[in-house]
Amino acid sequence: MSKTFDIGLERLTGGGLGTGPAVGALRFEGIPGGERGTFFLETFGCQMNDHDSEKVAGVLLSRGYRQVESPDAASLILYNTCSIREKAAQKVFSRLGEFGVKEHDGRIIGVLGCVAQQEGEEIFRRAPWVSLVCGSASYSKLPELLAQVEAGNQRVTGLDTDTDETFETPVTRRDNPWRAFLTIIEGCDKACSYCVVPYTRGPERSRGSDSILREVQLLVESGYTEVQLLGQTVNSYADPTARKMKFSELLLAVADEPGIRRVRFTTSHPRDFTQDIVDAIDSQPKLCNHVHLPVQSGSTRVLQAMQRTYSRDEYLKKIALIRGAKRPISITTDVIVGFPGETEEDLGETLSLLDEVKYDAMFSFKYSPRPHTPSLKMSDAIPEEEKSRRLAVLQERQREIQTARHAKMVGETFELLVSTKSRRENQWSGHTSCHRVINFSSQEQQLLGKYVQVRVTGATPNGLSGEQAP
């Protein structure tokens with residue numbers, strides 16, 4: 001596999017990122033004529049899509065392209081796509097449709113990511129002006145694919161999914177100057193009946209622990225102190241090297257790297273969430289005390305229809321593991337309402353689960369049918385209006401829970417990694433270890449990238465405010 005480098009945005013584009021980490025230089029090797037052109041890259045979806053775009057941008061910049069902020073200024077236009085929700089896929093084709101009514105002007109247009117994998121060469125039929133269709137597992141082949149496009153090939157594809165080269169690209173451009181993402185496992189073997197990920201991302205493939213730890217060392221050398229390990233089912237990690245590290249052992253190994261102050265991970269699957277993960281968080285303060293554990297429904301009947309591999313009671317046992325930790329661990333989740341056949345009683349069970357667990361935050365969605373999924377064949381579809389009603393009921397219940405939980409935090413002090421400066425004078429914000437965002441006031445002038453103590457002085461259902469503690 002090729003070596004991964006981490007290159008700062010300011011070094012590649014000539015821009016500045018304030019007080020972000022210092023990074024190594026970039027060598028443009030084998031690029032005839034210097035700059036090739038300009039590119040525009042728009043990303044739809046989750047943190048894994050964001051990190052994929054960092055890889056894509058790094059490859060393009062290393063080939064002599066320059067990034068621009070508007071598709072009108074770009075010679076190469078790329079959309080990195082998500083297909084988990086129907087609206088995300090619709091947005092992509094809406095973007096492509098904007099070019100269909102324009103005269104052909106020689107620009108190259110490409111579709112990357114999950115929609116590319118889902119639709120494949122059908123994209124060429126729906127949008128003949130597209131030249132490149134590439135799934136996330138083929139990003140290591142981007143230089144080769146781009147060479148074909150640059151040579152005038154009008155239909156270039158990279159649609160393999162079962163490859164262990166998915167993690168390695170020649171250059172990764174880091175967009176976030178404070179937190180670095182690392183994908184440690186790609187794909188999914190869980191086969192939930194509503195989910196298109198096994199089709200678009202392929203089977204689970206874990207990255208070798210030696211490669212992960214080498215990249216962590218490079219990130220520390222570049223000034224990063226916080227890393228977030230990513231995977232569709234991150235805790236299903238299975239080290240393919242002779243070390244055979246368990247996920248909990250990998251967490252501890254990353255935290256042990258000198259210079260690392262925080263280690264996060266997302267997203268966990270309940271089936272593979274085990275006591276040793278909680279024990280690792282308890283034993284190592286550098287492991288952030290936050291677990292994102294999607295439940296999707298509080299009804300065992302619906303969970304079985306979703307093929308989620310656990311019951312309500314089994315999920316609650318996982319919650320009990322987390323609540324039994326010596327450290328308080330924040331828990332967030334995902335919930336889907338309106339799954340085919342979901343009854344009012346099923347919705348009531350989901351609401352009662354929220355009352356029992358008392359999540360710190362929730363991402364909630366209306367069920368949307370996705371191509372290539374078993375749920376497409378299910379009867380008893382819920383009308384869209386009813387799905388919207390159920391979503392509103394769910395969100396209101398969670399709002400009440402968050403209101404109460406946030407109110408209890410007033411007066412507490414947390415350590416924040418400051419990541420944002422407000423336009424308002426003396427106002428900043430950052431994340432706690434337990435993944436809460438606090439907006440706070442401080443008279444200091446240079447706080448970006450620093451760790452500070454903040455006392456909570458106010459709370460709303462969706463956020464916290466505070467002031468820097470002495």
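Before going into details, it helps to say that this report is about the structure given with it. (Residues numbered from 1 in each chain as written. Predicted model: local features only at pLDDT ≥ 70, side-chain atom pairs only at ≥ 80, totals over all residues. Heavy atoms only, no water.)

## A closer look at the overall build of the protein chain
In step 1: Each helix and strand counted, the protein chain has 14 helices and 20 strands in total.
In step 2: For the protein chain, buried positions account for 55% of its 470 residues.
In step 3: In the protein chain, once contacts between residues fewer than 6 apart in sequence are set aside, the share between residues at least 24 apart is 74%.
In step 4: Counting every atom, the protein chain has about 20000 Å² of accessible surface; 49% of that belongs to carbon and sulfur. (Helix = DSSP H or I, 4+ residues; strand = E, 2+ residues; numbered from the N terminus. Buried < 20%, exposed > 50% of the residue type's maximum accessible area, 1.4 Å probe, protein only. Contact = heavy atoms within 4.5 Å. Areas by Shrake-Rupley, 256 points an atom, 1.4 Å probe, with all protein chains shown as cover.)

## Observations regarding the sheet that holds strand β4 (residues 76-81)
In step 1: Reading across the sheet, the 6 strands line up as β3-β2-β4-β5-β6-β7 and stay open at both edges, with parallel pairing between neighbours. Because the sheet does not close on itself, it has two edges, and the strands there are β3 (65-67) and β7 (156-158). Within this sheet the neighbouring strands show an average axis-to-axis angle of 25°, counted without direction.
In step 2: In terms of strand pairing, β4 meets strand β5 (residues 108-112) through 5 bridges, oriented parallel. Opposite N80, over in β5, you have L112 as the bridge partner.
In step 3: The sheet strands contacting helix α2 (residues 47-62) are β2 (37-43), β3, β4 and β5, and the helix crosses β2 at an angle near 175°.
In step 4: Those strands touched by helix α6 (residues 142-150) are β3, β4, β5, β6 (130-134) and β7, and its axis lies near 165° from that of β6. (Pairing = 2+ DSSP bridges. Axes fitted to C-alpha atoms, helices over the stretch in contact; angles between N-to-C directions.)

## Quick notes on the packing of helix α8 (residues 209-221) against helix α9 (residues 247-255)
In step 1: At a minimum axis distance of 10 Å, the contact between α8 and α9 shows a crossing angle of 25°. Taken together, the axis directions place α8 and α9 in an arrangement best described as roughly parallel. Crossing handedness for the pair α8 and α9: right-handed. Contact with α8, carried on its side by S209, I212, L213 and V216, involves L250, A253 and V254 of α9 and no other residues of that element. (Parallel < 35°, antiparallel > 145°, perpendicular 65-115°, else oblique. Left-handed = near helix turned anticlockwise from the far one by under 90°.)

## Re the packing of aromatic side chains
In step 1: Enumeration over the complete set of coordinates arrives at 5 aromatic pairs.
In step 2: Taking the centre distance of 5.8 Å and the plane angle of 35° together, the rings of Y310 and Y315 count as tilted.
In step 3: Measuring from ring centre to ring centre gives 5.3 Å for F339 and Y367, while their planes differ by 75°; the resulting arrangement is edge-to-face. With a gap of 28 residues between them, F339 in the loop between β14 (330-337) and α13 (344-357) and Y367 in the loop between β15 (361-366) and α14 (384-407) connect regions that are remote in the sequence. For the pair shown, F339 and Y367 are each scored as buried. (Phe/Tyr/Trp six-rings, centres within 6.5 Å; stacked < 30°, edge-to-face > 60°.)

## A word on the nonpolar core
In step 1: One finds I184, L229, V254, V263 and F265 to be the most contacted residues of the largest nonpolar core, which totals 53 residues.
In step 2: Residue contributions to this core peak at 6 residues, all from α9.
In step 3: If sequence neighbours within four positions are ignored, L229 has contacts with L182, I184, V234, L250, L251, V254, V263, R264, F265 and T266. (Core = buried A, V, L, I, M, F, W, Y, C linked by side-chain atoms within 4.5 Å.)

## Let's talk about the environment of L96
In step 1: Tracing the backbone through its elements, the reader meets L96 in helix α3 (residues 86-100).
In step 2: On the basis of relative accessibility, which here comes to 1%, the residue L96 falls in the buried class.
In step 3: In this structure the C-alpha to C-alpha distance between L96 and I123, which are 27 residues apart in sequence, comes to 9.7 Å.
In step 4: If sequence neighbours within four positions are ignored, L96 has contacts with Y79, I109, V111, I123, A127, W129 and V130.

## Quick look at the sheet that holds strand β9 (residues 179-186)
In step 1: Strands sit in the order β10-β9-β11-β12 across an open sheet of 4 strands; the sheet is mixed. Either end of the sheet is taken by a strand with one partner, and the two such strands are β10 (205-206) and β12 (262-266).
In step 2: Sheet topology places β9 next to strand β11 (residues 226-231); 6 bridges connect them, and they run parallel. Bridge assignment links R179 to a residue of β11, and that residue is E226.
In step 3: In this fold α2 packs onto β9, β11 and β12, with an angle of close to 105° to the strand it touches most, β9.
In step 4: Across the sheet, α9 touches β9, β11 and β12, and the angle it forms with β12 is around 150°.

## Remarks on the pairing of β5
In step 1: Summarising burial for β5: 5 of the 5 residues are buried, a large majority.
In step 2: Burial along β5 is two-sided: I108, G110 and L112 and I109 and V111, pointing in opposite directions, are all buried.
In step 3: Judged from the 4 bridges that link them, β5 and β6 form a sheet pairing that is parallel. Its bridge partner lying in β6, V111 is registered against V133.

## A short note on the pairing of β4
In step 1: Burial analysis of β4 places 6 of its 6 residues in the buried class, which makes it a mostly covered element.
In step 2: By the alternation rule, side chains of β4 split into L76, L78 and N80 and I77, Y79 and T81, which are all buried.
In step 3: Pairing analysis gives 5 bridges linking β2 to β4, with the strands arranged parallel. What sits directly across from L41, in β4, is L78.

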